[in-house]
Structure formats: structure tokens, C-alpha cells
Amino acid sequence: MPRVFTRVLLLFTFILPLMLSSVALAQDASPEAELKQAIEQTRTAMQELADSSLTETEKRDLQELYQNTLNFLQRTQAIDTDLADLRKQVEQAPERIRLARQQLERTQAQTPAEMQARYEDRELDDLETLLGERVTRMFSWQNELTAVNSELIAAQTRPERTQASVSANQTREQQLSEQIRNLQRQADTPLNTARLAMMRAEQRTLQRHNELLRQRLNANNVLQDLAVQQRDLLSRQIADIEAEAQVLQDLIDAKRRTQSERTVSETTEEVLQAGNQQHLREQGTLNRRLSEELLRATNQLGELTRKNILTKQQIDSVTQIESALDQQIGVLEGSVLLSRILHQQKKALPVTRPDLTLTDQIADLRLRQFELNQLREQMTNPAAYLERLLNKLPEEQRESLRSEFERVVNSRISLVEQLSANINTLLTQAITLQMNQRQLEQTSSELHRTIDDQLFWVASNRPLDRGWAVSFPSQALSQLKAMDWMQQLRVVGATLRDHLLWIALIALLVGLYVWRLPHLRQQLRSLHADVGHFRRDSGRHTPKALLLTAVMVVPVPLVLGGLSVIFMLGEEPAMPGLAQALAQLALAWFMLHLVYRVFDPSGIATLHFRWDQDLVDRLHRLVRSSAWILLPMVVVVALGELRPEQLMDDVLGRLTLLVGLIMLAVMLGRMMYRSQPLYNSRVLHVSASLLLVLAPLAVAGLLAWGYNYTAIKLTDRFIGTLYLIILWMQVEGT
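Given the structure is predicted, the values throughout are model-derived calculations rather than measurements. (Residues numbered from 1 in each chain as written. Predicted model: local features only at pLDDT ≥ 70, side-chain atom pairs only at ≥ 80, totals over all residues. Heavy atoms only, no water.)

1. A closer look at the overall build of the protein chain
Phase 1: Within the protein chain one finds 25 helices and zero strands.
Phase 2: Relative to its full complement of 734 residues, the protein chain shows a buried share of 41%.
Phase 3: Across the protein chain, the fraction of contacts at a sequence separation of at least 24, relative to all contacts at a separation of at least 6, is 81%.
Phase 4: Total accessible area on the protein chain stands at roughly 40700 Å², and carbon and sulfur atoms take up 55% of it. (Helix = DSSP H or I, 4+ residues; strand = E, 2+ residues; numbered from the N terminus. Buried < 20%, exposed > 50% of the residue type's maximum accessible area, 1.4 Å probe, protein only. Contact = heavy atoms within 4.5 Å. Areas by Shrake-Rupley, 256 points an atom, 1.4 Å probe, with all protein chains shown as cover.)

Pasting the structure below:
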């Protein structure tokens, strides 16, 4: 009886007030005040629970329910705050857009000459302070740009995310309504009452969240316009401040170099004024060496500073891509658009080339720092140091040369101080650069792998369906027009004209091949004739025959490879896509032509390998037929790997690859079906047959489902596997 009384008392003391506060019963209270009151009453209930006479199990269950209720109420409160902020942001958006446009219009980029004229009269210390401020502001703006880009991505993908979130919230709300109806039919126990309060708090949270999502969707156009204006303004400001920082760095380097050159000039004058006095000339020469080292350290300091700024900018760029990547993957997962965005981000990743000499430079700087510290310790007492130098002179010359040596010592003290400061700064800059480069390389490599992993499992094209087939003629025609054949031919002609020496070298090699071809054929026929002869045959005949055959099939790959090199020459290759395709085509042509000659009916496979004539004939026909399939596939794969962002529009390459894979599977299946079991094992033969047939068919299936990039990667691996099989056959036959 006391336990029943305790539960009834508990119900009326804080559970029922909690229930009443979670619904709108107070006519004169605002929603914010009502929500705040509900939170306070929930906390009070949690505190009073410890003094109740309930069992430990009931206390633990109620504590968990109260905590969940409090979490939902606080989440609702946070959503209400976000709603208020959103309304304020929407109200201010037009004015902020107008101000951003005005500021962008008023922003006029200054030329480097104008900025240099504005700052050239400043002192070195002022310039260094200004540079630090500009770099700090630039990094701050870059962080703001990262946030704006994230907001822009969120605005661009908000409709899809809002639809999914609202749908999920509505489903959960319906489930809660059903559970609330069921609980209301049960007895009013403290646990049921607390569960009911928790469910209603969660229901309210879902409703407010849906309201926030709808409000954001309604304001999406305004928010997107604001993000675009802020992005354009920040991009312009960052570009301007980067140019300004570059000018400041150039001026700092110039002033430092001027000071160091002045020091070199002064120390040179000291040497000239030394006359014929050998010891004084030696000390002046030492000062001149220190001043020249100071000049080199000044130049090196400017270079390291530039590298540090550039590396930090690259780290920020990679960080921006990384921060946007997770959001894009979560929002656009399963969308064809994600593939294009990932390709763009992969292309935007900086090329990391770490300075491998930094470790040695740091070690040399530490050693030089130690040597300068020793020299500074020797000059701690300038008078004693001067006396040590004078004591090396004959006694009668000491007083007459004291003033000259005193000038040399004073100059050396100043030089060592400046050089020591520069070496310390250089050491700090070098260590910072090494750490930044390592961070950049690690971050960029991880992000590169993440993007590659995502690209492999993301559809880059829509599946092959009736709509694709109907639109194929128009898409193929558009692709052919976009190639601009006349322009491409003009670029090819201009590139070849600019590299006539390379063309002459290729022609010379081909001419040499034609001149020696009869001799090569005679040598190969002689080796064939020696096979089986008990005196002339040897184990070296087959490798020699393979080598001669490889040399005989080399002219076409040589021409293709040479043209590939020509199109890749220069800092900016004229036609990198064509160069990549020609290089892959040269390798494929060489491998296929080599194995075609090996499988000649009266060639190496029959005479040297002693293979069955029927098998050699079938392999010979298979290689000849598959060459017409593999060579176009190699070109498509090479172009697709170099420009994966264009795969969405490459309908001709997709069709070529699809047809080629199916035909290759059919030919390999027919060949394996008619061949004798491998190593007299039917199980091994069937396994190899299934692998050779199903592999291209599986890749063709991925291609048909829209995984074009994945299919190209797998086709490249499959062709590479065929090359290995060809080499393995030659080695086994040998």
C-alpha cells in the first residue's frame, strides 16, 4: 500500500506537470517560455527522482526516459534558435547581396607596378609586418571561402536532402503517433507517463525540424544567391591579396639583397684597403666570405618563404576539397553528377613535388648555426678578440694597424649577427616547409585514394536503355562535331613541323630497320633451320629467334612511340590525350604483332616450341582477329583514363568498348572450347575458360549499367593480364 501511494504521489508531483508542459495548455505563455519551462521541470524531475522510494530498476528506467526527453526538448530549442537565425539571415540577405555586389564592382585590381610604387618607400621592418598581416588575412579569407563553398554545395543539393529528411521525419512521426495511441490505452503508470512525455517531445522535435527544413528550402534561392556573391567577392579578394603578398615579398627580397650587397661591397673595400699586409688581407677576405654567405642566405630565405606560402595555400586548397567531399558524397550518392564532381575535384588536387634536398639543407644549416655560435662566443669580448688578432702581427706593426683591425672586427661582429639571424630564420623556414610538404603530400595522397575509391564504385553514365539507344545518333553526331577535326589536324601539323629533328631521327631508325631487314630474316631462317640438328641446335636458338622476331616487328611501334614522345614534349604538351593513346597503341601493337609472328604456321611456336600445328593455327587466327578488337579498345581506354571527366559524353567510346568486350569474350570462348585441356586437366581448363569468358562479359555488364569509369579501369587491367599471358607463353615455350 505505501508503494502504491508513493507512485501516485510521484505521478502528481512531477510527471504530470512534465506532461502538461510538453503540450500547449498555457494560454498566456509563449512557445519559447513554455519550452524553457518544460526543460526546467524535466531537470527538476531528474533531481527529485533520487529521493523517491522507487526500486532501482524503475529509477534507472525513468532516469533514461527523462534524459531522452530532455535531449529532445533541448534539440527543439536549438531548432527554434536555428529558425530565428534563418529568418534573420533571410531578412538581411538582400542587403548583404547588394553590398557584396557593390564591393565587388568597386574592387579594382592593381597592377604589380602600382603596388610596388606604393610600397617601395617603406622600411624593411614595415614590409615584413605588412606581409605577415596580408598572409594572415589571406588564410582567413580562404577559410571563409571554404565555408561559403560548403554553404553553396548545401544550397545546390538542398531540395534532394530536404525531401529525404522530411520523408524520414514524417515516417517516424507516424510511428510515434501510433505508439502514443497505444500508450494512452494503457494504465497511467509513472513509466508509461514518462514514455508518453518523451514521445511527444520527440514528435515536437520532428515537427519543428520539418518546419526548419521547409523554411530553408523556401529561402534556398536567396541563400544560394548570397553564397554565390560571397564566393565571387572572396575569390577576387584572395586573388588580389595573393598578388599584393607577392609584390611585398619581392620588395622584401630586393631590400634584403640590397643590404647584403652593400655589406659585400663594404667588406670588399676593406680587402682593397688592406694593402700588402697579409694578415689584414686574410681577415678582410674572411669578412667578404661572410658577406657573400649573407647574400646567399638572403636569396635562399626569400625562396623558402615563397615556397612556404605556396605550400600553405595548397594545404588550404586540399582541406577545402576534403571538407566538401564528404558532404557531396553523402548528398549525391548514387547520382551520375557525383562522378563528374569527383573527377573535377581530383583534377583540382595540387601536384605535390616534395623538395628532397630539404633534409640535407637542414643538416647543413644546423652545422652552420653551430659554427656561427662558436664564432660569436669568440667575439663575445671584442677587445680580447682584437688583441688575439693583433698578437699574430709583429710587435712593431700592431699599433699602426690597430685601427684597421678594429674596423674589421666591428664589421665581422655585425656580419656574424646578421648571418646568424638569417641562418636561424632559414632553419625555421626549412623545417616548417618540410613539415608542410609532408602534411600536403599525406593529405593529398589520402584524398586522392578516397576519390579513386569513390569513383570506382560510382556510376559515371546512365544505364543503357531504350532512351540511350534513341538518343545515340544525335549524341554521336554531337561528339564528332565537338572533336573539331580540322583544328586537331592543324595542331598535329604544327606540332610535327616544330619537331622536324625528332621526325628525322624516327625516319633514320626506320631506314636502318629497312636496310637490315633482309639480314634479320636470313638470320631467323638460319635459326629455324638449325632447330633439331644434333650439332647446330642449342638452348640459345629459341631466345635468339624471339629477340629477332621482336626486332622485326618493332617499326610500327617505333613510329607510334616516337609520335607519342613528340606530342608530349614541352612544359605544356600539345596533345597529351593523343600522346597517351599512341603510347598505349604502340605497346599493344608490339605485343600482338610479336605473338602473331610467333604463332606463324612455320614459325617459332611450331619449330621451337614444338606445339601442335592445329593449336598454332587457331592461335594465329585468334590473334589476328582479336587485334582488330583490342587496338580500338586500347585507344578508348587510354583516352578514358586521361580524361575521365568526359566519359559522360563519350557515347562512341562506350559503344566501341561494349562491342569489343562482347566479341572478345565470344572469341576467347570459342578458342578455349576447341582447345585441348590445359596440362591435361579438364578442371583447370574449364576454370581458365570461365575466367577468360566471364571477365570481359562482367566488365561489359558494368559498362551497360553505367559504370563506365570502372569498366575502363578493369579493361585496362584485363588487357595488361593478356600481355602477361603472352609473355608467360613465350617463357614457357622457351
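Having seen it, we continue.
2. Quick word on the nonpolar core
Phase 1: Counting 75 residues, the largest nonpolar core has V598, F599 and W611 as its most contacted members.
Phase 2: Of all the elements, helix α22 (residues 613-642) adds the most residues to this core, at eleven residues.
Phase 3: Each residue touching V598, except ones within four places of it in the same chain, is listed here: L546, G603, I604, A605, F609 and Q730.
Phase 4: Formed by 26 residues, the second largest nonpolar core is a distinct cluster that contains L294, L301, Y385 and L419. (Core = buried A, V, L, I, M, F, W, Y, C linked by side-chain atoms within 4.5 Å.)

3. Overview of the packing of helix α2 (residues 31-49) against helix α3 (residues 56-106)
Phase 1: With their axes 10 Å apart at the nearest point, α2 and α3 run at an angle of 160° to one another. Taken as axis vectors, α2 and α3 run roughly antiparallel relative to one another. α2 and α3 meet at a crossing whose hand is left-handed. Contacts from L35, A38, I39, T42, R43, A45, M46 and L49 in α2 reach K59, L62, Q63, Y66, Q67, T69, L70, L73, Q74, T76, Q77 and D80 in α3. (Axes fitted to C-alpha atoms, helices over the stretch in contact; angles between N-to-C directions. Parallel < 35°, antiparallel > 145°, perpendicular 65-115°, else oblique. Left-handed = near helix turned anticlockwise from the far one by under 90°.)

4. Points about the pattern of salt bridges
Phase 1: Enumeration over the complete set of coordinates arrives at 20 salt bridges.
Phase 2: The closest approach of N and O atoms between D80 and R208, which form a salt bridge, is 2.9 Å. With D80 in helix α3 and R208 in helix α7 (residues 190-218), this residue pair connects regions lying 128 residues apart in the sequence.
Phase 3: Residue classification places R208 among the partly exposed positions, given a relative accessible area of 27%.
Phase 4: Among the ionic pairs, K307 bridges to D355, the shortest N-O distance being 3.5 Å. Of the two residues, K307 is situated in helix α9 (residues 278-332) and D355 in the loop between α10 (336-348) and α11 (358-378); the sequence distance between them amounts to 48 residues.
Phase 5: Its relative accessible area of 29% is what places K307 among the partly exposed residues.
Phase 6: If you follow the salt bridges from partner to partner, you end up with R118, E133, R134 and E244 in one network. (Salt bridge = Lys/Arg side-chain N within 4 Å of Asp/Glu carboxyl O.)

5. Considering the packing of helix α20 (residues 576-598) against α22
Phase 1: The geometry of α20 relative to α22 is characterised by a closest axis approach of 9 Å and an angle of 160° between their N-to-C directions. By the angle between their directions, the pair α20 and α22 is classed as roughly antiparallel. Here the hand of the crossing between α20 and α22 comes out right-handed. Across the interface between the two elements, P576, G577, Q580, A581, Q584, L585, A588, W589, L592, V595 and Y596 of α20 pack against H620, V623, R624, A627, L630, L631, V634, V635, A638, L639 and L642 of α22.

6. Describing the environment of Q378
Phase 1: Of note, Q378 is situated in helix α11.
Phase 2: Looking at Q378, the relative accessible area reads 43%, which means it is partly exposed.
Phase 3: Beyond its immediate stretch of four places on either side in the chain, Q378 contacts Y385 and R388.

7. Describing a positive patch on the surface
Phase 1: A cluster of basic residues, R621, R624, R670 and R674, forms a positive patch on the protein surface.
Phase 2: For the positive patch, the secondary structure elements donating two or more residues are α22 and α23 (651-674).
Phase 3: Tracing the backbone shows R670 in helix α23. (Patch = residues over 30% accessible without salt bridge, like charges linked within 9 Å, V, L, I, M, F, W, Y side chains within 5 Å. Lys, Arg positive; Asp, Glu negative; His and termini not counted. Charge placed at Lys NZ, Arg CZ, Asp CG, Glu CD.)

8. Regarding empty space enclosed by the protein
Phase 1: What the rule picks out here adds up to one cavity of 30 Å³ or more.
Phase 2: Considered as a void within the structure, the largest cavity measures approximately 30 Å³ in volume.
Phase 3: Around the largest cavity sit S339, R340, H343, S460, P644, E645, L647 and M648, which together line it.
Phase 4: A breakdown of the residues in the lining of the largest cavity according to their chemical character gives three nonpolar, three polar and two charged. (1 Å grid on protein atoms, 1.4 Å probe; cavity = no way out; pocket = protein on both sides within 12 Å on 5 of 7 lines; lining within 4 Å. Points joined across faces, edges and corners; volume = space filled by probe spheres on them. Nonpolar A, V, L, I, M, F, W, Y, C, P; charged D, E, K, R; others polar.)

9. Here we look at the packing of aromatic side chains
Phase 1: Tallying each qualifying case throughout the model produces two aromatic pairs.
Phase 2: Look at F456 and W457: their rings are 5.0 Å apart centre to centre, the planes differ by 80°, and that puts the pair in the edge-to-face class.
Phase 3: Judged by its relative accessible area of 23%, F456 falls in the partly exposed class.
Phase 4: Taken together, a centroid distance of 5.3 Å and an interplanar angle of 45° make the contact between W468 and F472 tilted. One end of the pair, W468, and the other, F472, are both in helix α15 (residues 466-483), four residues apart, so they sit about a helical turn from each other. When sorted by exposure, W468 lands in the same class as F472, which is buried.
Phase 5: The ring of F139 has K312 lying over it, and the distance from NZ or CZ to the ring centre is 4.5 Å. (Phe/Tyr/Trp six-rings, centres within 6.5 Å; stacked < 30°, edge-to-face > 60°. Lys NZ or Arg CZ within 6 Å of the ring centre and 35° of its normal.)

10. Here's the deal with helix α17 (residues 500-530)
Phase 1: Between the first and last C-alpha of α17 there are 44 Å, a value that for 31 residues agrees with the 45 Å anticipated at 1.5 Å per step.
Phase 2: Within α17, the axis deviates most sharply at R516, by approximately 45°, and proline P518 lies no more than four positions further along.
Phase 3: The elements touched by buried residues of α17 are α18 (541-552), α19 (555-568) and α21 (604-607). (Expected span 1.5 Å × (residues − 1). Bend = angle between axes of the 7 residues up to and from the residue.)

11. Digging into the side chain of S444
Phase 1: Counting through the fold element by element, S444 comes out in helix α14 (residues 402-456).
Phase 2: Assessed through its relative accessible area of 6%, S444 is described here as buried.
Phase 3: Excluding its chain neighbours within four sequence positions, the residues that come into contact with S444 are V318, L349, P350 and T352.

12. So, the confidence of the model for the protein chain
Phase 1: Summarising the model, the protein chain shows a mean pLDDT of 81, and 89% of its residues fall at 70 or more.
Phase 2: Counted against residues more than four places away or in other chains, residues 1-29, with its pLDDT under 50, gives 41 contacts. (pLDDT = per-residue confidence, 0-100.)

13. Quick word on a nonpolar patch on the surface
Phase 1: A contiguous nonpolar patch, built from W502, L505, L508, L509, L512, W515 and V565 and spanning about 700 Å² of accessible area, is present on the exposed surface.
Phase 2: When residues in the nonpolar patch are grouped by element, the largest group, six residues, is from α17.

14. So, the environment of Q246
Phase 1: Looking at the secondary structure, you find Q246 in helix α8 (residues 220-273).
Phase 2: Given the relative accessible area of 36%, Q246 is considered partly exposed.
Phase 3: Spatially, the C-alpha atom of Q246 lies 9.8 Å from that of I309, the residues being 63 residues apart in sequence.

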